[in-house]
Amino acid sequence: MTHQDDVQPDEKNVTAEPQDANGDADAATAEPEAVEAPRPAPAPVKKCRQWVTLRGTSMDARVGRGIVDDIAHDLRSVVGRPHACALLHAPDVSDDVLRTLSRGLSDQGFEVLLAELPSGDACCDLAHADAVASELARMRVTSDDLVVAVGHLPELSLATMVCHAWCGGTSLALVPCDLVSAVLAGVTPQGLAVGGTPDMLQQDGSARFEICDLDLMGLSEDEPASRENVLLARALMAATAMADSSKAFETLFDATDGLVAGDLNALTEQLTATLRSRGKVVASTSVAVRQSIAYGQSFVAALSGLVGADVPRSAMLADALRFCARLAVASGELSLDDMFTQDELLERLELGSVDCLVDADALYDALRAERFLRTNRFMVEVPRALGRVRLTNVEETTLREHVGAWCAARSQAE
């Protein structure tokens, strides 16, 4: 028999305060800590292939991540039955890259012969071209063989010059190690220096392949590529789009957000588009169109001899485009709206300006000397519209005024 006081209350009606392990009721009712949602995995980087038109030939350009690992099979297709392959490389190319290329080429039946290329800006001259040709002779490379060159713009340009003439023409594949080299080497390689003057023996692009591996160029690693190299590549993309067409300009303008954000897919697509544009310009049947590929380069060459080596070349080229556009407006060749649109593109690409003092008379004289170095006519490459650049005669008074204004703006900034 149970007393009333001993009756236990119905457990279903009991509303006890929840407690944590230490008996703290308030702690148990506290809001749970927010758990950060996992970040979505980055989109896979696409691989792009583009046939680039060159003068008298074409180039198979590949852009993507890790494409050096499996390119050997495609390289074999340019020679048919594989024989020797001269693997020429700059001194700073890693052993891992050379092993990857050597293994892949060997698996395809090539006898791989390694040789180190001369390096540095001063390597692109006749003396070093002779040294590379002597090395090919030592390795008994013929027109039926293959040459793969890995390096930067001067080394790749040197290999292009030699292979174009070696035994009447030997198939060449370029593997650039930085973004600027990827933009320039295959389509517009650097000319050879003569007597210490650079780019005097000029040449057309003639490589059969250009393999632009983003990993190799440091564009997707923990240690990213040089910021200046990326900015200079963007400036070259802008100059190329201005020389090609309004459509090319619009494509680059639309891609600016992705390029600045480091989107590798945007970079892959834009690099492919830039190579296509450069090839289209240099392969044109019109001399005037072909000359437009040098948009801004005369100003850069003149300015580079007057400023220190620490001045970014990307800023020099961006200022060259701005200078040429203002010169075009003053000459009645370009509208103000188009000038400001180009300015906006350069700003969106985060391209700065030169901020050191330059003497106006010295810059004017250097600009004239640069133009007269390779022609007897003084003409400056100026835009006439977005996507249209031409060499144009500019009155001396107008040119002096704009050079003076450009230099005065740097003086005020100081």
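Preceding this paragraph is the structure being described.
Residues numbered from 1 in each chain as written. Predicted model: local features only at pLDDT ≥ 70, side-chain atom pairs only at ≥ 80, totals over all residues. Heavy atoms only, no water.

Novice: Can you explain helix 8 (residues 246-261)? Please cite residues and give values.
Specialist: Quick reminder: α-helices carry 3.6 residues per turn. Residues three or four places apart thus point the same way. If you check helix 8, its first and last C-alpha atoms are 24 Å apart, about what 16 residues at 1.5 Å a residue would give, namely 22 Å. At A255, helix 8 shows its maximal bend, which comes to roughly 45°. Looking at the buried residues of helix 8, the elements they touch are helix 7 (227-244), helix 9 (264-282) and helix 13 (336-348). G262 sits one or two residues past helix 8 and shows a positive phi near 80°. (Helix = DSSP H or I, 4+ residues; strand = E, 2+ residues; numbered from the N terminus. Expected span 1.5 Å × (residues − 1). Bend = angle between axes of the 7 residues up to and from the residue. Contact = heavy atoms within 4.5 Å.)

Novice: Break down the pattern of salt bridges for me, with residues and values.
Specialist: Enumeration over the complete set of coordinates arrives at 19 salt bridges. Notably, a salt bridge pairs E370 with R374, separated by 2.9 Å at the nearest N-O pair. For R374, a relative accessible area of 35% gives the class partly exposed. Each of the salt bridges in this network shares a partner with another, and the network as a whole consists of R49, D60, R62 and D74. (Salt bridge = Lys/Arg side-chain N within 4 Å of Asp/Glu carboxyl O. Buried < 20%, exposed > 50% of the residue type's maximum accessible area, 1.4 Å probe, protein only.)

Novice: Any details on the packing of helix 7 against helix 12 (residues 313-330)? Residues and values, ideally.
Specialist: It is the contact of helix 7 with helix 12, at a shortest axis distance of 8 Å, that shows an interaxial angle of 20°. The angle between helix 7 and helix 12 places the two elements in the roughly parallel class. Regarding helix 7 and helix 12, the two cross each other, and that crossing is left-handed. For the pair formed by helix 7 and helix 12, the contact residues are E228, L231, L232, A235, L236, A238 and A239 on the first element and R313, S314, L317 and L321 on the second. Here the residues of the contact of helix 7 with helix 12 are counted per class, giving eight nonpolar, one polar and two charged. (Axes fitted to C-alpha atoms, helices over the stretch in contact; angles between N-to-C directions. Parallel < 35°, antiparallel > 145°, perpendicular 65-115°, else oblique. Left-handed = near helix turned anticlockwise from the far one by under 90°. Nonpolar A, V, L, I, M, F, W, Y, C, P; charged D, E, K, R; others polar.)

Novice: If you had to explain the pairing of strand 5 (residues 146-151) to someone new, which residues and values would you point to?
Specialist: The side chains of a regular strand alternate, first on one face of the sheet and then on the other. Buried residues dominate strand 5, accounting for six of its six residues. Examined bridge by bridge, strand 3 (residues 84-89) and strand 5 share five bridges and lie parallel to one another. In the strand pairing of strand 5, H89 is matched with V150. Judged from the six bridges that link them, strand 5 and strand 6 (residues 171-176) form a sheet pairing that is parallel. Of the residues in strand 6, the one forming a bridge with V148 is A173. Crossover strand 5 to strand 6 through helix 5 (residues 153-165) is right-handed. (Pairing = 2+ DSSP bridges. Right-handed = clockwise from strand over helix to strand, strands pointing away.)

Novice: Provide a residue-level description of a nonpolar patch on the surface, including the pertinent values.
Specialist: Residues L126, V194, M200, L201 and L373 make up a contiguous nonpolar surface patch of about 380 Å² in total accessible area. Relative to the elements of secondary structure, M200 occurs in strand 8 (residues 197-201). On the accessibility criterion, M200 (31% relative accessible area) is partly exposed. (Patch = residues over 30% accessible without salt bridge, like charges linked within 9 Å, V, L, I, M, F, W, Y side chains within 5 Å. Areas by Shrake-Rupley, 256 points an atom, 1.4 Å probe, with all protein chains shown as cover.)

Novice: An account of the nonpolar core is needed here, citing residue identities and associated values.
Specialist: Ranked by internal contacts, the top residues of the largest apolar core, which has 109 residues, are L88, L136, L303, L363, L399 and W406. Not counting the four nearest positions on each side in its chain, L399 is found in contact with F323, L327, Y364, L367, F378 and V394. I71, L101, L105 and F209 belong to the second largest nonpolar core, which has 25 residues in total. (Core = buried A, V, L, I, M, F, W, Y, C linked by side-chain atoms within 4.5 Å.)

Novice: An account of the packing of helix 11 (residues 297-304) against helix 12 is needed here, citing residue identities and associated values.
Specialist: For the pair helix 11 and helix 12, the least separation of the axes is 8 Å and the interaxial angle reads 130°. Regarding the angle of helix 11 to helix 12, the classification is oblique. Judged by the sense of rotation from one axis to the other, the crossing of helix 11 with helix 12 is right-handed. On helix 12, the residues touching Q297, F299, V300, L303 and S304 of helix 11 are R313, M316, L317, A320 and F323. Residues of the contact of helix 11 with helix 12, tallied by class, amount to seven nonpolar, two polar and one charged.

None of the figures reported here should be taken as evidence of function without further support.
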